[in-house]
Amino acid sequence: LVLGHEAGQGPLSGKLASLQCKSPDGRKFSIGSGLSEEQRRKPPVVGTVVTYRFSELTTDNLPRWPRLVGNRVDLNWVQCCTSYAPSKAPQPSLLD
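Remember, predicted model here, so these are calculated numbers, not experimental data.

Visitor: Go over unusual backbone geometry, please, and point to the residues and values.
Guide: In the Ramachandran plot, Asn61 falls in the positive-phi region, its phi being about 65° despite a non-glycine side chain. Structurally, Asn61 can be placed in the loop between β5 (56-57) and β6 (63-64). The phi dihedral of Trp65 falls on the positive side, at around 55°, and the residue is not glycine. With respect to the helices and strands, the residue Trp65 is situated in the loop between β6 and β7 (67-71). Accessibility expressed as a relative area gives 59% for Trp65, which makes it exposed.

In structure tokens:
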């Protein structure tokens, strides 16, 4: 869910730098990659459900390097929360 927008600086001045987002279980994080120039000029509005990909979860259980895939026009926030199954961060190994 898009909670807000972070304004860009430097080359992104006057455009979107990142989307402030929240997962259905309440984790807050930013998505700054995967945005097209058009999306940076006209970002998804607050309250839009978006799909994103990420490389892995951090030890704080947040998406590492999230990338925007697109808006979910087929799903609203209530449906998303109802069908949500949280990802789990990897547990430390005894060998680490």
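Visitor: A description of the pairing of strand β3 (residues 28-31) should follow, citing residues and the corresponding values.
Guide: Only one face of β3 is buried, namely the one carrying Phe29 and Ile31, since none of Lys28 and Ser30 on the opposite face is buried. Bridging between strand β2 (residues 16-22) and β3 involves 4 bridges; their strand directions are antiparallel. Considered in β3, the bridge of Gln20 is made with Ser30.

Visitor: Could you give an account of the nonpolar core, naming the residues involved and the relevant values?
Guide: Listed in full, the 9 residues of the largest apolar core are Val2, Leu16, Leu19, Cys21, Phe29, Ile31, Leu35, Val50 and Leu68. For this core, the secondary-structure elements that each account for two or more residues are β2 and β3. A per-element tally of this core places β2 first, with 3 residues. Leaving out residues up to four positions away in the same chain, Leu35 has contacts with Leu16, Ala17, Leu19, Arg40 and Leu68.

Parameters at a glance
Residues numbered from 1 in each chain as written. Predicted model: local features only at pLDDT ≥ 70, side-chain atom pairs only at ≥ 80, totals over all residues. Heavy atoms only, no water. Helix = DSSP H or I, 4+ residues; strand = E, 2+ residues; numbered from the N terminus. Buried < 20%, exposed > 50% of the residue type's maximum accessible area, 1.4 Å probe, protein only. Pairing = 2+ DSSP bridges. Core = buried A, V, L, I, M, F, W, Y, C linked by side-chain atoms within 4.5 Å. Contact = heavy atoms within 4.5 Å.

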